[in-house]
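What follows is each chain in one-letter form.
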Amino acid sequence: MAGETLVTVVGNLTADPELRHTSSGIPVAGFTIASTPRVFDRDRSEFVDGEPLFLRCSLWRQAGENAAQSLARGMRVIVTGRLRQRTFDDKEGVRRTTVEIDAEEVAASLAYATAKVTKTYRSDMPSRSGPAPMVSEPASPSLGPGPAEPHPF
């Protein structure tokens with residue numbers, strides 16, 4: 001969509017993803033990533049951690065279910081999606097604003113880890129047997145939350 005702010009952030013999961021379902025039954029995984037820059041301190045002649053950025057993320061439908069099954073606290077992930085600003089009233093009635101990512105893609109970073117990927121198939125598709133395809137199959141278009149969907153977190 002034109003005019004949206006697309007971002008890619010690399011960071012560590014602060015907790016296991018939480019899988020919930022909207023009132024209409026759509027699954028959504030919520031998680032927070034901490035992205036901490038490393039900067040070189042010339043006075044100390046070493047790299048030091050900068051101020052961490054904590055971002056709440058939502059990942060919808062099958063991708064959200066897959067993330068909840070595959071990812072865990074502390075894992076380094078790469079998140080790509082739309083930056084969203086949301087305003088709400090907290091428990092004390094104070095108006096607050098937060099910036100979040102409506103994730104399109106989430107992947108484990110392989111910079112410091114290895115991963116074994118297992119292809120999943122939708123439950124309404126006939127089962128397939130044999131080895132996974134050698135070429136990637138085209139992904140279906142994203143079906144993010146509609147305008148009537150309430151934010152689950």
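Described below are features of the structure shown in this document. (Residues numbered from 1 in each chain as written. Predicted model: local features only at pLDDT ≥ 70, side-chain atom pairs only at ≥ 80, totals over all residues. Heavy atoms only, no water.)

Notes on unusual backbone geometry
No. 1: At Ser-45, a position not held by glycine, the phi torsion is positive, near 55 degrees.
No. 2: In this structure, Ser-45 sits in the loop between strand S4 (38-41) and strand S5 (46-49).
No. 3: Ser-45 sits in the exposed class, given a relative accessible area of 55%.
No. 4: Its identity is not glycine, yet Arg-61 carries a phi of approximately 60 degrees, on the positive side.
No. 5: Mapped onto the fold, Arg-61 is located in helix H1 (residues 61-70).
No. 6: By relative accessible area, which is 26% here, Arg-61 ends up partly exposed. (Helix = DSSP H or I, 4+ residues; strand = E, 2+ residues; numbered from the N terminus. Buried < 20%, exposed > 50% of the residue type's maximum accessible area, 1.4 Å probe, protein only.)

Notes on the side chain of Asp-90
No. 1: Within the element layout of this structure, Asp-90 appears in the loop between strand S7 (76-89) and strand S8 (95-108).
No. 2: Within the structure, Asp-90 has its side chain in polar contact with the backbone nitrogen of Glu-92 (distance 3.0 Å). (Polar contact = N/O pair within 3.5 Å; in protein donor to acceptor, adjacent residues only side chain to side chain.)

Here we look at the environment of Arg-38
No. 1: With respect to the helices and strands, Arg-38 occurs in strand S4.
No. 2: For the pair Arg-38 and Val-48, spaced 10 residues apart in sequence, the C-alpha to C-alpha distance is 5.6 Å.
No. 3: Residues within four places of Arg-38 in sequence aside, it is in contact with Phe-47, Val-48 and Asp-49. (Contact = heavy atoms within 4.5 Å.)

Thoughts on the side chain of Ser-35
No. 1: Structurally, the position occupied by Ser-35 is in strand S3 (residues 27-35).
No. 2: If we skip the residues at most four places from it in the chain, Ser-35 touches Val-9, Val-10, Gly-11, Glu-51, Pro-52 and Leu-53.

Let's talk about the pattern of salt bridges
No. 1: Overall, the coordinates contain 11 salt bridges when judged by the stated rule.
No. 2: When the shortest N-O distance is used, the salt bridge between Glu-100 and Arg-86 registers 2.8 Å. In this pair, Glu-100 is assigned in strand S8 and Arg-86 in strand S7, connecting sequence segments 14 residues apart.
No. 3: The exposure class of Glu-100 is buried, given its relative accessible area of 6%. (Salt bridge = Lys/Arg side-chain N within 4 Å of Asp/Glu carboxyl O.)

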